[in-house]
Amino acid sequence: MTPDGTAAPPSADAAAVRTLELTKHYGASVALSGLTMVVPRGEVFGFLGPNGSGKTTAVKLLLGLSRPTGGEAWVLGRPAGDRQTRSRVGYLPELFRYQGWLSAAEVLGLHCRLAGVARSEWPGQISGALSTVGLTDHADAKVETFSKGMQQRLGLGVALLGNPELVILDEPTSALDPVGRADTRTIIRHLRERGCAVFLNSHLLGEVEQICDRAAVVADGHVLAIGRLDELLGRGGVRLRLTGLTDVGRAALARRGTLAEHDGWFVVDGVDAGAVPDLVADVVASGARVYAVEPVRQTLEERFLSLIEAEQARWQR
Amino acid sequence: MAALTLARLTIREAARRKLLLALAILTLIVIGLTGWGFQHLSTITNPDGSQIPASELRLAVSQVLVLVEFMFSGVLALSAVVVASPAISSEIESGVALSMLARPVSRYQVVLGKWLGLGALIVIYVAATTTLELIVVRATTAYVPPGPVGLALYLSAEGIVIMSLTLLISTRLSGMTAGVISLVLFFLAWIGGIAGAIGQVFGSVGIKNAGTISQLLLPTDALWRGSVYELEPVLYRDVLGATTERAGNPFFVQSPPSVAYLGWAACWVVLIVSLTVWSLHRREV
């Protein structure tokens with residue numbers, strides 16, 4: 001469950017985020033329970049969970065906006081909430097609101113100042129952020145005239161100021177159209193290319209599947225699974241449409257993985273991609289005629305739902 | 001420093017939201033109207049057509065001026081409460097505070113920035129209205145109160161006191177609730193001050209002590225009385241004020257607040273601002 005989340009001491013090490021049994025209670029209500037994880041620098045990390053699972057609580061704890069009731073957390077090698085470290089962290093809140101009476105450029109200027117960006121760098125930082133999030137033509141427009149999507153783009157621009165080493169994005173595409181979502185994925189990939197870690201809080205699983213290196217699944221304040229995406233999704237399989245399958249052919253399929261039949265397809269789970277040509281050759285040699293061969297992979301959504309269902313079943317027991 | 005950035009932001013918000021413009025226009029209208037009134041006051045005569053003695057006219061002008069400044073003091077207190085009550089709470093409720101507090105900014109800097117910005121607005125408003133009003137009064141009646149600078153200082157201090165209290169409440173309660181609580185306390189302190197003066201006149205130790213306690217808990221009324229003192233003609237204070245019977249009059253003050261009391265008022269503000277810092281520091285956003 002925690003591949004490298006053992007009780008290592010804090011240090012100026014490579015981890016962008018490290019938590020150890022991080023816990024938050026609000027009275028009797030458990031918002032987060034024993035979160036232990038490591039997010040290496042330069043990695044895009046997906047933090048997945050249904051609404052109310054503790055994702056935003058975890059983010060607030062990492063930023064020092066909220067205090068833990070148990071456990072510890074370090075960000076960029078320093079205790080979570082450390083003031084100086086926050087100058088190296090960008091943050092787009094789930095509840096993104098900025099001073100409506102300021103223009104987009106003025107909001108970015110304010111955050112340059114608060115983030116401690118050198119004054120000489122402000123013009124470049126502001127124009128760069130505006131250009132990256134596609135708001136250059138709206139630089140002087142008041143934020144109160146922006147749509148929600150434009151405000152979220154502005155929030156993303158704010159999070160990019162000061163060349164952060166870690167960017168925390170809490171549901172960054174909740175108000176964006178498909179074009180905005182694609183733009184956000186591009187921005188996240190660019191951040192990874194320049195070595196910036198991205199902590200992506202989301203329940204949009206397709207999005208996470210496209211851009212994240214690793215992910216954690218949380219529900220009811222507990223971590224259900226954590227690891228690389230391919231580890232989380234399993235080895236996958238292959239499905240074949242064929243006729244004339246003999247017992248020999250059936251045995252050849254069963255030797256490679258778990259065999260099942262669905263809607264006229266023969267599905268073999270647990271087959272490595274490299275073994276597929278040999279599997280097909282064995283089936284053909286057994287006398288069967290092969291019309292189609294397709295890889296089968298569990299989607300993140302399917303994996304996510306199975307984890308959540310298993311957790312619910314565990315609680316019901 | 002982040003506090004100065006946030007102070008400038010507070011002032012800028014007041015300007016952008018046209019608060020300063022609205023106050024400036026309304027203040028100019030009020031000062032124009034009071035100028036017209038003072039002009040008429042300076043030309044009135046006795047029923048038989050004889051001139052009113054200069055000392056009596058000066059007394060009348062000073063009393064009307066006290067009432068005008070009382071109005072400005074009320075406007076100042078209400079405005080300070082209305083502007084300060086959502087200053088922290090609304091930013092937390094709306095989410096504006098989230099991205100700002102995630103920056104390398106201490107919460108004491110946030111409180112200090114808001115306090116400095118709002119304090120500067122109060123001082124600007126008091127300086128502008130007091131200066132203009134006294135110029136108009138001097139031009140129309142030739143009356144100059146004995147302590148114009150003291151007047152501005154007392155009024156500013158009164159505004160800063162009620163603003164500080166509102167800011168403290170705003171760290172925990174919604175802007176609307178913080179505003180209502182502050183205004184109720186402001187008027188309670190005013191009534192408490194009057195009650196204390198009446199207790200003094202009638203020799204009631206209990207009522208007098210209640211007034212003193214209210215002035216210690218919230219120094220707005222005592223500071224208002226300091227500004228009244230600075231407006232009164234010296235002769236009026238010395239001769240007519242020598243009797244305790246006038247002490248119950250909320251628009252007459254026999255003596256200014258003591259140095260010890262002013263020291264307490266300063267400590268009070270420091271204490272309230274410190275509590276505000278502590279309260280916001282403990283608050284989870």
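For clarity, every value in this text was computed on a predicted model and none was experimentally measured.

S.K.: Tell me what's going on with the overall build of chain B, and back it up with residues and numbers.
M.R.: A tally of helices and strands in chain B yields twelve helices and zero strands. Helices and strands appear in chain B in the N-to-C order α-α-α-α-α-α-α-α-α-α-α-α. Dimensions of chain B along its principal axes, counting C-alpha atoms only, are 75 × 45 × 30 Å. Evaluated residue by residue, chain B yields a buried proportion of 40% over its 285 residues. Long-range pairs, those at least 24 residues apart, make up 80% of the contacts in chain B with a sequence separation of at least 6.

S.K.: Pulling in residues and values, what's your account of the interface of chain A and chain B?
M.R.: Counting from both sides, the interface comprises 24 residues of chain A and, opposite them, 20 residues of chain B. For the side of chain A that touches chain B, the element with the most residues is helix H2 (residues 104–115) of chain A, which contributes five residues. Looking at the side of chain A that touches chain B, its residues break down into twelve nonpolar, seven polar and five charged.

S.K.: Which residues make up the nonpolar core, and what are the values?
M.R.: It is characteristic of soluble globular proteins that their nonpolar side chains tend to be buried jointly. Residues Leu62(A), Leu108(A), Leu166(A), Ile168(A), Val198(A) and Phe199(A) are the most contacted members of the largest nonpolar core, which totals 143 residues. Considering each element in turn, this core owes the most residues, 13 residues, to helix H7 (residues 148–170) of chain B. Among all residues touching Val198(A), those that are not within four sequence positions of it are Val44(A), Phe45(A), Val167(A), Leu169(A), Ile188(A), Leu191(A) and Arg192(A). Counting residues in each nonpolar core, the second largest holds eleven residues, with Leu242(A), Leu253(A), Val268(A) and Val271(A) among its members.

S.K.: How would you summarise the sheet that holds strand S8 (residues 197–202) of chain A if you had to cite specific residues and measurements?
M.R.: Residue and element names in this part refer to chain A. Judged by pairing direction, the sheet is mixed, and its six strands sit side by side in the order S6-S7-S8-S3-S9-S10 without closing on themselves. On the outer flanks of this sheet lie strand S6 (89–92) and strand S10 (222–228), each paired with one strand and no other. Recorded for the sheet is a direction-independent mean angle of 15° between the axes of neighbouring strands. Where strand S7 (residues 166–170) and S8 come together, five bridges link them in parallel fashion. The residue bridging Asp-170 from the neighbouring strand is Asn-201, located in S8. Against the sheet, helix H4 (residues 148–160) touches S6 and S7, its axis set at about 170° to S6. Relative to the sheet, helix H10 (residues 300–316) contacts strand S3 (44–48), strand S9 (214–219) and S10, its axis offset from that of S9 by approximately 30°.

S.K.: Give me the lowdown on the pairing of strand S2 (residues 29–40) of chain A, citing residues and values where you can.
M.R.: Residue and element names in this part refer to chain A. Bridge count between strand S1 (residues 15–26) and S2: eight bridges; the pairing is antiparallel. Bridged to Thr-19 within S2 is Met-37. Hairpin connection from S1 to S2: two residues lie between these consecutive antiparallel strands, with Gly-27 at a positive phi of about 65°.

S.K.: Could you give me a rundown of the packing of H7(B) against helix H10 (residues 220–231) of chain B, with the residues and numbers involved?
M.R.: Residues and elements named next belong to chain B. Contact pair H7 / H10: the axes reach a minimum separation of 8 Å and the direction vectors enclose 165°. Regarding the angle of H7 to H10, the classification is roughly antiparallel. When the axes of H7 and H10 are compared, the crossing they make is left-handed. Along the contact surface, H7 presents Gly-150, Leu-151, Tyr-154, Leu-155, Ala-157, Glu-158, Val-161 and Ile-162, while H10 presents Thr-220, Leu-223, Trp-224, Gly-226, Ser-227, Glu-230 and Leu-231. Class assignment of the residues belonging to the contact of H7 with H10 gives a composition of nine nonpolar, four polar and two charged.

S.K.: Tell me about unusual backbone geometry, and name the residues and values.
M.R.: All names here are of chain B. Despite not being glycine, Lys-18 has its phi angle at roughly 65°, a positive value. With respect to the element layout, Lys-18 can be found in the loop between helix H1 (2–16) and helix H2 (19–41). Assessed through the 12 C-beta atoms surrounding it within 10 Å, Lys-18 is described here as exposed.

S.K.: How would you explain the pairing of S7(A) if you had to name every residue and give the values?
M.R.: Residues and elements named next belong to chain A. Of all five residues making up S7, five are buried, and the element is well covered by its neighbours. Side-chain alternation along S7 places Leu-166, Ile-168 and Asp-170 on one buried face and Val-167 and Leu-169 on a second face that is also buried. Examined bridge by bridge, S6 and S7 share four bridges and lie parallel to one another. Of the residues in S7, the one forming a bridge with Leu-92 is Leu-169.

Reading the values: the criteria
- The written sequence of each chain sets the order in which its residues are numbered from 1.
- Labels are handed out in written order, letters beginning with A for the chains and numbers beginning with 1 for the ligands.
- In keeping with the predicted nature of the model, local features appear solely for residues at pLDDT of at least 70, side-chain atom pairs appear and are counted solely at 80 or more, and the whole-chain, interface and lining totals rest on all residues.
- Secondary structure follows DSSP: runs of H or I at least 4 residues long count as helices, runs of E at least 2 residues long count as strands, and numbering of each begins at the N terminus.
- Here the C-beta atoms are placed from the backbone, and a residue counts as buried if at least 20 other C-beta atoms lie within 10 Å of its own, exposed if 12 or fewer do, and partly exposed otherwise.
- The contact rule is simple: place each C-beta atom from the backbone, and if two of them lie within 7 Å, those residues are in contact.
- Three classes are used, and their members are as follows: Ala, Val, Leu, Ile, Met, Phe, Trp, Tyr, Cys and Pro are nonpolar, Asp, Glu, Lys and Arg are charged, and the others, Gly among them, are polar.
- Here, a nonpolar core means buried Ala, Val, Leu, Ile, Met, Phe, Trp, Tyr and Cys residues linked by C-beta atoms lying within 7 Å of one another.
- In this description, strands pair whenever DSSP reports at least two bridges between them.
- Here an axis means a line fitted to C-alpha atoms, over the contact stretch when the element is a helix, while the angle between two N-to-C directions is reported on a 0 to 180 degree scale.
- Put simply, angles under 35 degrees are roughly parallel, angles over 145 are roughly antiparallel, angles from 65 to 115 are roughly perpendicular, and the rest are oblique.
- The handedness criterion is simple: a crossing whose near helix is rotated anticlockwise from the far helix by less than a right angle is left-handed, and one whose near helix is rotated clockwise is right-handed.

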